[in-house]
Amino acid sequence: MKKNTHYTVTYQNNTKAGTAKVIIKGKSPYTGSVTKTFKIMQKSISSVTVTSSNYLTYTGKPITATLSVTSGKTKLKSGTDYQVTYQSNTNVGQARYTIKGKGNYTGTRSGVFYIIPVNISKTKITAEPVEQDTDTPSIKVTYNGKTLKKNTDYTVQSVTPIEPDTLQMAITGKGNYCGKTYVNVPITIPETTSAAGITEIIAGTLMLLGVLGVSARKKRKFFNKRKVLSGVSTCMVAAVVLFSFSVNTAPEVTAQTVVTDTIAKAYASADKKKAAKIKITLDPGHVKDYNRFTYFSNYSEGTQMWKLACELKKELESYGFVVVTTRPKVTDFLEVAERGQLAGNNGSDLFLSLHSNAGGSSASGVEIYYSMSDQNNKVLSDKLGKAIAKTMGTSFNGSKNRHYPGATGVDYYGVCRNAAFYGCTAAFLVEHGFHTNYSESSFLKNSSSLKKLAKAEAKVIAEYYDVI
Ligand SMILES: [Zn+2]
């Protein structure tokens, strides 16, 4: 029998998974019809393509990944074709999603994404004014309406005061928070200090009047009583003017004098003691003989940067700094993440990854990528970049940031990202000019040039940390 000549075939419910019908109807001279059922099986979800966002920043609330689920050219619909559930998707770390097939799809599959810490600078920080610079200010940190816990979410350190009437506190992120930010806490002049100030002024005024009185008596022949009285009242007016001026300025001047003296004394007597509290990790980039594609056969980035690190270590140690390197031997090698992690784990205050850049032969100049986890990093970056460029006789192309793809605010370079994540937020990747540039490469291959460079860099660091 031939289809469409002797019978026709029609289907029902034959698109979606489930029971479908096939109806065979006779064509003249055949009559009647036969209905048969058949099953359309669900497609296994394990055969579809799933892509998910890799890195998402902590929000304090459960995070859902942006998932794209496709089967061939068909985009599957959440709720119709599948259901998603999440596990461990609030705090920093590895989060998991599970997709369960629905309707035409069956089975489950799961995948992971990462929740990365949010920079502490994105939080709202308020501080109550304090009365003295020795007081511990009460600081409140909130993020997305949530109050952060001290020592769980952040730690607080006091920073050497710059202004006599301001305390600067550093807030370092911990756990779900990363990076470092600063808050200025005003020091209010306590009532008692003002009262003391007023007493001093009154005493001063009385003394002044006394002196005038004495001199008036001595010069009696030049003064009559009325003149003395008018002189006294002039002094009174002057004293009142002086008094109102003093209320605003006198305590501040006193405080400034004390602070400056204390700092000056500390610097003069304890340079090396101060430096000994600062740990620096130097990371000569790559490994021995790495990056030989330069103008000179005896230049390789991995070797020359190791030599520079050795010189810089010596220089920094002569100022009293504690210096660690990621490659004590030229043949040593660590993975990118391990280098930054080492600086964080050993409690370094500063991490410098030393490199030379590659580009066309006309590309030139120094550039520094600084970790976005600490807003203050740009200050050192600018100083260091200018000093290196000056020593190398080239230009400083600037202090730069590079964001991790899909994660704005997260450092692109693994050395800096990992250093910051593990607690060393002052992390820098320094490009000492281009080894693909003739004059910059000639400079860098020369050992005495590297010595000069090390001296210049160490001096900037010593100045930055107020050691000299
Ligand atoms: Zn490099």
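Computed from a prediction, not measured in an experiment: that's the story for all the values here.

(A) Expanded view of the overall build of the protein chain. Across its full length, the protein chain carries 9 helices and 28 strands. Put simply, the protein chain has 468 residues, and 31% of those count as buried. Looking at the protein chain alone, contacts between residues at least 24 apart form 62% of all its contacts between residues at least 6 apart.

(B) Highlighting the pairing of strand E10 (residues 93-101). Where strand E9 (residues 82-87) and E10 come together, 6 bridges link them in antiparallel fashion. Paired with Tyr82 across the two strands is Gly101, which belongs to E10. A loop of 5 residues connects E9 with E10, the two strands running antiparallel in sequence, and Ser88 in this loop sits at a positive phi of about 50°. Strand direction decides the pairing type here: E10 and strand E12 (residues 108-116), joined by 8 bridges, are antiparallel. Directly across from Gly93, in E12, lies its bridge partner Ile115.

(C) Expanded view of helix H7 (residues 414-421). Most of H7 sits out of view: 7 of its 8 residues are buried. Taken as a whole, H7 has its buried residues at Val415, Cys416, Arg417, Asn418, Ala419, Ala420 and Phe421. Of the residues one or two after H7, Gly423 is the one with positive phi, at around 115°.

(D) Region of interest: the packing of helix H6 (residues 377-392) against helix H9 (residues 447-464). Here H6 crosses H9 at 155°, and the two axes come no closer than 9 Å. Taken together, the axes of H6 and H9 lie roughly antiparallel to each other. Our pair here, H6 against H9, has a crossing hand that is right-handed. Contacts from Leu380, Lys383, Leu384, Ala387, Ile388 and Thr391 of H6 reach H9 at Lys452, Leu453, Ala456, Glu457, Val460 and Tyr464.

(E) Local environment of the sheet that holds strand E15 (residues 139-143). Here 3 strands make up an open sheet; going across it, the order is E14-E15-E16 and the pairing antiparallel. Two strands close off the open sheet at either side, each with one partner strand: strand E14 (124-127) and strand E16 (146-147). Two elements, E15 and E16, share 2 bridges in a ladder whose sense is antiparallel. Opposite Tyr143, over in E16, you have Lys146 as the bridge partner.

(F) Helix H4 (residues 301-319), seen in detail. Taking 1.5 Å of rise per residue, 19 residues should cover 27 Å, and H4 covers 27 Å from first to last C-alpha, within 8% of that figure. Note on H4: the residue one or two positions beyond its end, Gly320, has a positive phi of about 105°.

(G) Focus on the nonpolar core. Phe351, Cys416, Ala419 and Phe428 are the most contacted members of the largest nonpolar core, which has 67 residues in total. Residue contacts for Phe351: discarding those within four places in its chain leaves Thr281, Asp283, Gly340, Ala343, Ala419, Cys424, Ala426, Ala427 and Phe428. Ile45, Leu76, Tyr82 and Ile99 belong to the second-largest nonpolar core, a separate cluster that totals 7 residues.

(H) Looking closely at the environment of Val379. The residue Val379 is located in helix H6 in this model. Residue Val379 is classed as partly exposed on the basis of its C-beta count, with 13 C-beta atoms lying within 10 Å. Here the alpha-carbon distance between Val379 and Ser399, two residues 20 residues apart in the chain, equals 9.0 Å.

Basis of the calculations
Residues numbered from 1 in each chain as written. Predicted model: local features only at pLDDT ≥ 70, side-chain atom pairs only at ≥ 80, totals over all residues. Helix = DSSP H or I, 4+ residues; strand = E, 2+ residues; numbered from the N terminus. Buried ≥ 20, exposed ≤ 12 C-beta atoms within 10 Å, placed from the backbone. Contact = placed C-beta atoms within 7 Å. Pairing = 2+ DSSP bridges. Axes fitted to C-alpha atoms, helices over the stretch in contact; angles between N-to-C directions. Parallel < 35°, antiparallel > 145°, perpendicular 65-115°, else oblique. Left-handed = near helix turned anticlockwise from the far one by under 90°. Expected span 1.5 Å × (residues − 1). Core = buried A, V, L, I, M, F, W, Y, C linked by C-beta atoms within 7 Å.

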